[in-house]
Amino acid sequence: MAKLSNDELISAIEQEEATAINWADGPLAEQRAEALRRYNREPYGNEVDGRSQVVSNDVQDVITSIMPSLARVFLSGDEIGKFEPIDPSDTGAEVESEVVNWYLTTKNDGYTVIYSALKDALLLGNSYVKAWWRENNSVKVERYKGLSDEELAIILQDKEVQVVEHDAYPDPEAQLQPMLGMALEVPQVPMLHNVKVQRVRSDEYVQIAAVPPDEVLVSRTHRETSLQNADFVQHRRTLTIGELVELGYKVDPNISDDVDDENRPEALARDRYQETSLYGANEDASTWDASRRRVTLRETWIRLGDADNTQTLWRICLVGRTILHKEEADQVPLAAFSPIIYPHSHVGESVYSLVEDIAELNTTITRQYLDNLYLANNARTVVDVDRVNIDDLLVSRPGGIVRVNGGDPASALMPLVTPDVGGAALQALEMLQGVKERRTGIARINQGAMDPNMLNRTATGASLMMSAGQAHLELIARCLAGGIKDLFLITHALALKHSTKPLQIKLKNEWIAVNPREWQRRTDFALSVALGTGAPDQQMAKLTAIGQFMQQGIQLGLVTPQNMYEWGKEYLRVAGYRSPDKFLTAPQPGQPPPQQPNPLVQVEQIKQQSAHALKDKELQAQAAMAGRDAQQKYGLEQQRMQNEIAAQAQQAEADAKLAQYKADLDAQTAIKLKLIDVAGQLLQQSMAPEPEEPGEEDEDGDDAGEPQGNTQMQQMMQMLMQTVQQLAAASGAPNAAGRDGRG
């Protein structure tokens with residue numbers, strides 16, 4: 001740089017400040033302040049007392065819906081990014097990538113820093129992450145009592161230990177005895193030690209922090225999102241005198257500072273709970289402690305021409321018009337993010353700008369809808385003041401009485417009917433919802449919410465809607481990826497320039513020593529997350545198909561163990577596992593790839609495999625035929641047994657029927673024999689002559705005996721019929737009566 005006085009440097013900086021983007025009272029600052037107010041759902045200022053004052057939540061809904069997708073893209077893996085090798089001999093890219101990721105995610109709260117930057121970018125159009133080299137000396141005070149000489153020596157061997165206080169005294173429990181065979185001498189008394197030490201551990205690493213966009217000024221002539229080629233960049237922040245001293249600046253407590261950056265519109269809008277007003281003005285804190293006085297530090301990176309008109313980047317730090325530090329710089333340590341790149345401009349579009357008008361329209365229509373609903377539920381009334389008691393009418397309570405003087409009460413009271421505009425208002429809100437979804441890509445189907453028309457859509461149509469919304473989010477992620485790249489490269493450059501001691505990191509389950517001073521400057525960088533590959537389930541399906549293809553490639557010698565290891569890492573990452581070392585073991589360096597087999601050997605193997613396959617088929621056919629024969633024999637034997645069982649059952653049934661027939665025939669024969677026997681007895685009785693009594697014969701004997709014989713014959717016939725009937729009835733019994741007539 002040409003020889004410039006401090007006043008000339010300050011004048012050049014002030015001239016750039018006056019024309020820079022993000023100036024405190026410019027239109028961009030007011031737009032960002034309005035975005036913060038809409039995100040926080042603050043009133044618009046046009047509210048009317050007694051009417052609805054609801055504020056739509058569209059801005060917050062859209063941004064909070066996008067954030068999970070961006071967090072999955074940038075922050076779900078175990079590494080943020082990696083360096084690509086410069087040439088085939090570049091073997092340090094992987095190690096350097098591990099170290100930079102370690103700086104960002106382990107030594108810093110990288111998740112919170114990047115999350116804040118992404119959210120600022122979505123809401124305000126631009127966001128920034130600052131990186132700087134930090135040397136931190138942590139001091140830990142320790143006290144020990146009653147240490148022996150040996151114990152004290154062990155503690156003092158640690159190079160980090162410094163003795164602050166030391167007190168030695170004789171050991172009161174020591175027993176001194178002279179040694180036998182020697183002259184009596186007083187031995188040395190053992191000593192005990194009380195010490196106070198401090199352990200000073202020095203640590204050095206890259207520190208990162210998200211910077212509010214209103215604290216960063218950029219040259220108006222800058223035409224790209226990245227700040228690495230900007231002519232002028234300034235980071236303005238308010239610090240106390242004590243904080244400046246801790247940063248290494250020599251500052252007069254009474255240094256003049258005429259810059260007031262605490263009343264910026266954006267800063268006031270971000271102050272949701274009036275934290276500044278709660279603690280009073282800055283001067284109140286500095287009245288009793290000068291180290292708490294707050295001033296504005298302006299850390300500036302500006303390109304100034306040398307004597308040969310070659311521009312050099314300078315870093316100049318000043319408070320007011322006092323320069324605290326200046327040095328040449330090799331980069332601007334600010335990574336810039338923008339979700340929607342605006343061509344030929346550093347300031348990008350924000351998601352808020354996409355829904356700004358929709359949020360205001362939704363607020364207006366919702367207020368009108370609620371006002372209409374309030375009026376419908378609490379309608380106004382036209383009254384005859386001469387007949388109606390107004391006090392009764394003004395008190396609205398269940399079961400209340402309104403007194404009316406004379407006449408029909410209906411003629412004294414008439415409600416004003418409010419037209420129902422709810423249907424039209426809801427249709428308008430639904431239309432605006434569709435406009436918002438088309439602009440932002442955040443559809444209800446992507447959020448798991450049920451769209452009223454979802455049941456009328458085909459699976460293909462729903463998939464197309466989800467793909468369209470995902471394309472919007474991927475485009476935003478690609479734009480924001482430029483900031484991640486700058487942050488990665490800045491971190492690498494800072495470690496390369498300022499590191500003073502090697503690091504021990506774990507790489508592939510092995511601890512290795514890394515010295516960042518031996519690195520080379522890098523510019524080739526790739527995100528670890530592949531954008532544009534679809535949702536996790538789609539990525540899993542693609543990786544599964546690739547794995548099947550690689551299985552075939554192994555047989556042809558196209559895939560190495562390292563290829564399979566990388567595929568496995570990617571598969572596990574998409575599945576949600578951060579560390580693949582739990583499941584996979586990296587191939588050893590120098591491990592030879594599988595040798596491609598000899599084609600002749602392959603042909604012979606194919607022949608042998610074919611012969612074995614043919615033999616296996618023959619054996620299978622024989623086994624199948626033997627099985628069919630056995631099955632057929634088993635079936636025939638089973639059929640024979642069933643036939644025998646059926647024949648035995650039929651024979652038993654026939655024997656039973658024959659026995660029953662014989663029993664019935666015997667019973668009938670017995671009945672007939674009995675009948676014949678009885679009939680014979682009756683006939684014998686009827687033919688036997690009647691005995692004659694003496695003295696009873698007369699001349700009329702023949703005539704008198706004939707009627708008597710007839711009577712006996714009739715009686716005998718009746719007896720015969722009764723016997724036949726009894727035998728006929730008895731013929732149905734299972735057992736026939738005996739020949740003697742007894743059962």
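Counting restarts for each chain, with residues numbered from 1 along the sequence as it is written. Local features in this predicted model are restricted to residues whose pLDDT is 70 or higher, and side-chain atom pairs enter the listing and the counts only when it is 80 or higher, whereas totals over whole chains, interfaces and linings include all residues. Note that the side-chain values use all heavy atoms of the structure and ignore hydrogens as well as water.

A short note on the overall build of the protein chain
Thinking step 1. What counts as a helix is a DSSP run of H or I of at least four residues, what counts as a strand is a run of E of at least two, and both are numbered from the N terminus. Each helix and strand in the protein chain was counted, giving 19 helices and 15 strands.
Thinking step 2. Here's how the labels work: a residue is buried when its accessible area is under 20% of the maximum for its type, exposed when over 50%, partly exposed in between, all with a 1.4 Å probe on protein chains only. Within the protein chain, the fraction of its 743 residues that count as buried is 32%.
Thinking step 3. Two residues form a contact once any of their heavy atoms are found within 4.5 Å. Long-range contacts, defined as pairs at least 24 residues apart, comprise 74% of the intrachain contacts of the protein chain with a sequence gap of at least 6.
Thinking step 4. For accessible areas, the Shrake-Rupley method is used with a probe of radius 1.4 Å. Any residue's cover is judged against the shown protein chains and nothing else. Here the protein chain has roughly 46,800 Å² of accessible surface; of this, 53% comes from carbon and sulfur atoms.

Let's talk about the environment of A481
Thinking step 1. Examined against the element boundaries, A481 turns out to sit in helix α15 (residues 459-498).
Thinking step 2. Given a relative accessible area of 14%, A481 falls into the buried group.
Thinking step 3. On a C-alpha basis, the gap between A481 and F74 in space is 8.3 Å, while along the polypeptide they are 407 residues apart.

Brief notes about the packing of helix α3 (residues 58-75) against helix α11 (residues 351-377)
Thinking step 1. Orientation is described by lines fitted to C-alpha atoms, with helices fitted over the stretch in contact, and by angles between N-to-C directions that extend from 0 to 180 degrees. Between α3 and α11, the least distance of the axes is 8 Å, while the angle of their chain directions is 140°. For the pair α3 and α11, contact is made by D58, V59, V62 and I66 and by V351, Y352, V355, I358, A359 and N362, respectively.
Thinking step 2. We call Asp, Glu, Lys and Arg charged. Ala, Val, Leu, Ile, Met, Phe, Trp, Tyr, Cys and Pro are nonpolar, and the rest, Gly among them, are polar. Class assignment for the residues of the contact of α3 with α11 results in 8 nonpolar, 1 polar and 1 charged.

Describing helix α4 (residues 93-105)
Thinking step 1. By this rule, a helix spans an expected 1.5 Å times one less than how many residues it contains. Taking 1.5 Å as the rise per residue, α4 with 13 residues should run 18 Å; its terminal C-alpha atoms sit 18 Å apart, in good agreement.
Thinking step 2. Listed as buried for α4 are A93, V95, E96, S97, V99, V100, N101, Y103 and L104.

Some words on the pairing of strand β9 (residues 322-328)
The side chains of a regular strand alternate, residue by residue, between the two faces of the sheet.
Thinking step 1. As paired elements, strand β8 (residues 311-319) and β9 share 6 bridges and run antiparallel to each other. From the neighbouring strand, V319 faces β9, where its bridge partner is T322.
Thinking step 2. The loop that links β8 with its antiparallel partner β9 comprises 2 residues; one of these, G320, has a positive phi angle of about 65°. Any two strands between which DSSP finds at least two bridges are classified as paired.

With respect to the packing of aromatic side chains
Thinking step 1. Two rings from Phe, Tyr or Trp (for Trp, the six-membered ring) form a pair when their centres sit within 6.5 Å of each other. Planes less than 30 degrees apart are called stacked, planes more than 60 degrees apart edge-to-face, and all others tilted. Within this structure, the stated rule accounts for 5 aromatic pairs.
Thinking step 2. On the numbers, 6.3 Å between centres and 75° between planes, the contact of Y103 with W133 is edge-to-face. Taken together, the residues span a long stretch of sequence, with Y103 in helix α4 and W133 in strand β2 (residues 127-147) at a distance of 30 residues. The same class applies to Y103 and to W133, which are both buried.
Thinking step 3. The structure contains a cluster of three or more aromatic residues connected by ring pairs, namely W102, Y103 and W133.
Thinking step 4. Positioned above the aromatic ring of Y44 is the side chain of R38, whose terminal nitrogen or guanidinium carbon lies 3.9 Å from the ring centre.
Thinking step 5. Remark: a charge is flagged as sitting over a ring if the NZ atom of Lys or the CZ atom of Arg is within 6 Å of the ring centre and within 35 degrees of the ring normal. In this structure, K107 packs its charged tip against the face of Y205, placed 4.9 Å from the ring centre.

Focus: the side chain of N372
Thinking step 1. Locating N372 in the fold gives a position in helix α11.
Thinking step 2. Here N372 is in contact with T418, P419, D420, V421 and G422, once residues within four sequence places are set aside.

Some thoughts on the sheet that holds strand β3 (residues 161-170)
Thinking step 1. Spatial ordering of the open sheet is given by β3-β4-β2-β10, a layout of 4 strands whose pairing is antiparallel. Each of the sheet's edge strands pairs with one partner strand only, and the pair in question is β3 and β10 (334-337). When the angles between neighbouring strand axes are averaged without regard to direction, this sheet yields 25°.
Thinking step 2. With 18 bridges joining them, β2 and strand β4 (residues 191-211) adopt antiparallel strand pairing. The residue of β4 that forms the bridge with V129 is A210.
Thinking step 3. Sheet strands touched by helix α5 (residues 110-124): β2, β4 and β10. Its angle to β4, the strand with the most contacts, is close to 25°.

A look at helix α14 (residues 422-440)
Thinking step 1. Over its 19 residues, α14 extends 27 Å from the first C-alpha to the last, a length consistent with the 27 Å expected when each residue adds 1.5 Å.
Thinking step 2. Buried within α14 we find G422, A425, L432, Q433, G434, K436, E437 and T440.
Thinking step 3. Two residues or fewer after α14 comes G441, characterised by a positive phi angle close to 80°.

A closer look at a nonpolar patch on the surface
Thinking step 1. On the surface, V385, I390, L394 and V395 cluster together into a nonpolar patch covering about 370 Å² of accessible area.
Thinking step 2. In this fold, V395 is placed in the loop between α12 (390-394) and α13 (409-412).
Thinking step 3. Classification of V395 as partly exposed rests on a relative accessible area of 45%. Patch building starts from residues that exceed 30% relative accessible area and form no salt bridge, then joins like charges within 9 Å and nonpolar side chains (Val, Leu, Ile, Met, Phe, Trp, Tyr) within 5 Å. Salt bridge, as applied in this entry: a Lys or Arg side-chain nitrogen positioned within 4 Å of an Asp or Glu carboxyl oxygen.

Looking at the side chain of Q234
Thinking step 1. Residue placement: Q234 occurs in strand β6 (residues 232-240).
Thinking step 2. Under the relative-accessibility criterion, Q234 is labelled buried at 0%.
Thinking step 3. A polar contact is formed between the side chain of Q234 and the side chain of E17, at a distance of 2.6 Å.
Thinking step 4. Beyond its immediate stretch of four places on either side in the chain, Q234 contacts I13, E17, E215, V216, L217, R298, E299 and T300. In protein, a polar contact means a hydrogen-donor-capable atom and an acceptor-capable atom, both N or O and within 3.5 Å, with residues adjacent in sequence counting only if both atoms are side-chain atoms; elsewhere, any N or O pair within 3.5 Å suffices.

Details of unusual backbone geometry
Thinking step 1. Its identity is not glycine, yet R41 carries a phi of approximately 60°, on the positive side.
Thinking step 2. Structurally, R41 can be placed in the loop between α2 (27-39) and α3.
Thinking step 3. You can call R41 partly exposed: its relative accessible area is 41%.
Thinking step 4. The backbone phi angle of H344 is positive, close to 60°, even though this residue is not glycine.
Thinking step 5. If you trace the backbone, H344 turns up in the loop between β10 and α11.
Thinking step 6. For H344, a relative accessible area of 67% corresponds to the exposed category.

With respect to the pattern of salt bridges
Thinking step 1. The tally for this structure, following the rule as stated, stands at 23 salt bridges.
Thinking step 2. Taking the shortest distance from any N to any O, the salt bridge between E327 and R315 comes out at 3.1 Å. Residue E327 is found in strand β9, and its partner R315 is found in strand β8; the two are separated by 12 residues along the sequence.
Thinking step 3. A relative accessible area of 32% places E327 in the partly exposed class.
Thinking step 4. A network of salt bridges, in which partner residues are shared, links K130, R237, E299, R315 and E327.

Side note on the sheet that holds β8
Thinking step 1. The 5 strands are arranged β5-β6-β7-β8-β9 in an open sheet whose pairing can be described as antiparallel. For this open sheet the edge positions go to β5 (216-218) and β9, each flanked by a neighbour on one side alone. The sheet shows a mean angle of 20° between the axes of neighbouring strands, taken without regard to direction.
Thinking step 2. Examined bridge by bridge, β5 and β6 share 3 bridges and lie antiparallel to one another. If you follow L217 over to β6, its bridge partner there is Q234.
Thinking step 3. Packing against the sheet, helix α1 (residues 6-19) makes contact with β5, β6, β7 (294-305), β8 and β9, and its axis sits at approximately 95° to β7.

Some thoughts on the pairing of β8
Thinking step 1. With respect to burial, β8 is a largely interior element, 8 of its 9 residues being buried.
Thinking step 2. The pairing of β7 with β8 spans 9 bridges and is antiparallel. Considered in β8, the bridge of W301 is made with R315.
Thinking step 3. Between β7 and β8, which pair antiparallel in sequence order, lie 5 residues; one of them, N309, sits at a positive phi of approximately 65°.

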